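A closer look at the structure
The lines below spell out each chain.
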Amino acid sequence: MELFCFDVDGTLRETGGEHRVPQSTIQALRLLKEKGHKIIVSTGRGYDSLCRTQILDIADFDGYVVNNGQLVLDGKRNVIEKHVMPVKTVHEVLDLANKLNLCVTLKMDKRLINKEPDEYVYETQRYFGNIIPEVREYDEKEDVYAICLYGPKGWDYAPYRQIAGLEVAPGLSTYADASIASVSKASGNEVFCKLFHTDGYIAFGDSQNDLKMFKNAKISICMGNGDILTKKIADYVTSDLEDDGILKACMHYGWIKEGDLDE
């Protein structure tokens with residue numbers, strides 16, 4: 001039995017456009033399950049955001065790592081592990097964003113954005129097909145699991161990287177994921193390695209928030225549409241997700257055979 005960990009946007013689901021999941025991907029997930037393997041979602045999305053996609057309905061997932069490992073849920077979506085960002089760190093991010101005149105979204109049970117949306121927020125919204133939260137003040141009593149930073153495409157977010165304990169992973173659009181440095185998709189995936197007694201995990205991803213997951217994976221697979229840096233450290237680069245990338249990778253490694261497709 002193997003444990004397969006799948007990123008969502010750019011891996012399972014298209015970014016921009018119709019945000020669809022290819023039928024070949026759904027077929028691959030079904031076949032992996034039928035062969036007795038475990039499959040989990042491992043994403044930078046929050047749980048609330050994940051619920052607004054079709055991902056929960058495309059397969060019988062065995063677990064969910066959301067907010068880049070800050071929240072880990074079992075197959076029935078019960079919380080196994082939760083990590084909350086320190087209040088001091090949240091204030092540092094907000095203060096810096098205000099100085100830079102940039103937006104940030106705090107990912108919470110009821111998320112917020114610090115100021116009126118700008119062009120970077122709207123571009124990110126189109127990329128993910130996500131909603132823009134309410135503009136309001138941060139209440140220190142609210143748990144913050146992660147933060148979405150906004151900025152120009154290709155920016156390295158260097159000012160935010162100076163904040164102690166903050167991990168910053170630029171995305172393929174006008175945003176970056178900011179999370180607790182000691183927690184990641186990799187640490188969340190390891191929870192399921194222990195739970196399912198596997199000797200490691202196989203990772204599918206496309207962007208820089210998958211780097212730690214790739215570095216700790218038994219096998220790492222980057223989508224053809226993925227980030228250049230992520231491709232460089234991957235064990236294998238498959239075709240684009242729209243070009244049956246997940247199914248082709250599974251066939252490349254022999255987890256799915258040609259004959260399985262006739263069933």
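Everything below is about the structure printed above this text.
Below, the structure is looked at part by part. (Residues numbered from 1 in each chain as written. Predicted model: local features only at pLDDT ≥ 70, side-chain atom pairs only at ≥ 80, totals over all residues. Heavy atoms only, no water.)

Sheet strands pair by backbone hydrogen bonding; their relative direction is either parallel or antiparallel. Ordered by their spatial adjacency, 8 strands build an open sheet running 5-4-3-2-1-12-13-14, and the pairing between neighbours is mixed. If you trace the sheet from one side to the other, it starts and ends with strand 5 (79-82) and strand 14 (236-237), each paired once. One ladder, built from 3 bridges, connects strand 1 (residues 3-6) with strand 12 (residues 202-205); its direction is parallel. The residue bridging Phe 6 from the neighbouring strand is Phe 204, located in strand 12. Against the sheet, helix 7 (residues 185-196) contacts strand 1, strand 2 (38-42), strand 3 (63-66), strand 4 (71-74) and strand 5, and its axis sits at roughly 160 degrees relative to strand 3. (Pairing = 2+ DSSP bridges. Helix = DSSP H or I, 4+ residues; strand = E, 2+ residues; numbered from the N terminus. Contact = heavy atoms within 4.5 Å. Axes fitted to C-alpha atoms, helices over the stretch in contact; angles between N-to-C directions.)

Over its 14 residues, helix 4 (residues 87-100) runs 20 Å from end to end, which matches the ideal 20 Å to within 8%, given 1.5 Å per residue. Taken as a whole, helix 4 has its buried residues at Thr 89, Val 90, Val 93, Leu 94, Leu 96 and Ala 97. When helix 4 is viewed along its axis, its buried side chains cluster within an angular range of 165 degrees and face the same direction. The outward face of helix 4, more than 90 degrees from its buried face, is lined by the exposed residues Lys 88 and Lys 99. Against strand 6 (104-107), strand 9 (146-150), helix 6 (158-161) and strand 10 (166-170) lie the buried residues of helix 4. Once helix 4 ends, the next one or two residues include Asn 101, with phi positive near 60 degrees. (Expected span 1.5 Å × (residues − 1). Buried < 20%, exposed > 50% of the residue type's maximum accessible area, 1.4 Å probe, protein only. Arc of directions from axis to C-beta.)

With that settled, consider the pairing of strand 9. Strand 9 sits mainly inside the fold: 5 of its 5 residues count as buried. Residues Ala 146, Cys 148 and Tyr 150 point to one face of strand 9 and Ile 147 and Leu 149 to the other, with burial holding for every one of them. Bridge count between strand 6 and strand 9: 4 bridges; the pairing is antiparallel. Residue pairing across strands places Val 104 opposite Leu 149, the latter belonging to strand 9. Here 4 bridges tie strand 9 to strand 11 (residues 175-180), and the two strands are oriented antiparallel to one another. In the sheet register, Leu 149 faces strand 11, and the bridge partner there is Ala 176.

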